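Here is what each chain is made of, one letter per residue.
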Amino acid sequence: MNIREALLQEHSKAQMLKIVAYIGNDKKLFAELMKLMLTGDYRVAQRAAWPVSHCLSLHPSLLNLWFGKLIENLEAQNIHDAIKRNTLRVLQDMEIPEKYCGQLYNTCYTFLHSIKEAIAVRAVSMSVLTNLSKKYPDLQTEILYSAQSLLQSGIPALVNRSKQTIKQLNKLS
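All values reported here derive from a predicted model rather than from experimental measurement.

**Thoughts on the pattern of salt bridges**
Oppositely charged side chains can form a pair if their charged atoms are brought close together. Per the stated rule, a full pass over the model turns up three salt bridges. Residues Lys84 and Glu117 are paired through a salt bridge, measuring 3.0 Å at the closest nitrogen-oxygen approach. Here Lys84 is found in helix α6 (residues 81-91), whereas its partner Glu117 is found in the loop between α7 (98-112) and α8 (119-135), with 33 residues between them in sequence. Grouping residues by exposure puts Lys84 and Glu117 together as buried. With its nearest N and O atoms 3.4 Å apart, the salt bridge here joins Glu95 to Lys135. On the criterion of sequence distance, the pair formed by Glu95 in the loop between α6 and α7 and Lys135 in helix α8 is long-range, its members being 40 residues apart. With relative accessibility at 61%, the residue Glu95 sits in the exposed group.

Below, the structure written as structure tokens:
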């Protein structure tokens, strides 16, 4: 299978699952998919983000070589919201290596408070921040304050995620 052609052929869940099944736990094939997401043209990169997130959900060890590149890519200009959302979705449940925690925290905090960001990106950013606060409890107060302030936003996804975050942080303290 030519992964690039498969991504361009069709944008559907069925096609994404075919690509994920083809890649499996193969580091070389996964590297090819990652390169398409990180350096491909806009459409290819956007479409690669979905199978990347599913591959990593099934095989988290594939992420080991890609942490830095994924986090760095979040800060790139003009990347598609799908790339941000799928990257953050993977990172929200991962143990983040210490050397990337500060950079990831700053990026997610910026996303969370930017009205220019897509709502889904902002919501998943809050989950990443909550995950990071388990490792760094001193951050919990700041994240709790952010969640409480977003309760007033009137945006259902942010209100719901804020409630979940407040509940999680209250259990941790």
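There's more to say after this.
**A word on helix α10 (residues 156-172)**
The end-to-end C-alpha distance of α10 is 24 Å, a good match for the 24 Å that 17 residues give at a rise of 1.5 Å each. Where α10 is buried, its residues contact α8 and α9 (140-150).

**What about the packing of aromatic side chains?**
The tally for this structure, following the rule as stated, stands at two aromatic pairs. For the pair Phe67 and Tyr100, a centre-to-centre distance of 6.1 Å together with 15° between the ring planes defines the contact as stacked. Of this pair, Phe67 sits in helix α5 (residues 67-74) while Tyr100 sits in helix α7; the two residues are 33 residues apart in sequence, bridging distant segments of the chain. In terms of burial, Phe67 and Tyr100 fall into one category: buried. Measuring from ring centre to ring centre gives 5.9 Å for Tyr105 and Tyr109, while their planes differ by 20°; the resulting arrangement is stacked. You can see Tyr105 and its partner Tyr109 sitting in helix α7, four residues apart, about one turn around the helix. In this structure Tyr105 comes out as buried when scored by relative accessible area, which is 9%. With a relative accessible area of 26%, Tyr109 lands in the partly exposed category.

**Re empty space enclosed by the protein**
All told, the structure shown has two cavities of 30 Å³ or more when counted by the stated rule. For the largest cavity, the calculated volume is near 60 Å³. Around the largest cavity, the lining residues are Leu7, Glu10, His11, Ser12, Gln15, Met16, Ile19, Arg47, Trp50 and Pro51. Those elements giving two or more residues to the lining of the largest cavity turn out to be α2 (13-23) and α4 (42-58). Quantified by volume, the second largest cavity comes out at close to 30 Å³. Residue lining of the second largest cavity: Met37, Ala49, Val52, Leu56, Leu70, Asn86, Thr87 and Val90, and that is the complete set. Classifying every residue of the lining of the second largest cavity by side-chain character gives six nonpolar, two polar and no charged.

Analysis parameters
- Residues numbered from 1 in each chain as written.
- Predicted model: local features only at pLDDT ≥ 70, side-chain atom pairs only at ≥ 80, totals over all residues.
- Heavy atoms only, no water.
- Salt bridge = Lys/Arg side-chain N within 4 Å of Asp/Glu carboxyl O.
- Helix = DSSP H or I, 4+ residues; strand = E, 2+ residues; numbered from the N terminus.
- Buried < 20%, exposed > 50% of the residue type's maximum accessible area, 1.4 Å probe, protein only.
- Expected span 1.5 Å × (residues − 1).
- Contact = heavy atoms within 4.5 Å.
- Phe/Tyr/Trp six-rings, centres within 6.5 Å; stacked < 30°, edge-to-face > 60°.
- 1 Å grid on protein atoms, 1.4 Å probe; cavity = no way out; pocket = protein on both sides within 12 Å on 5 of 7 lines; lining within 4 Å.
- Points joined across faces, edges and corners; volume = space filled by probe spheres on them.
- Nonpolar A, V, L, I, M, F, W, Y, C, P; charged D, E, K, R; others polar.

Scope: geometric values only; no functional claims are made or implied.
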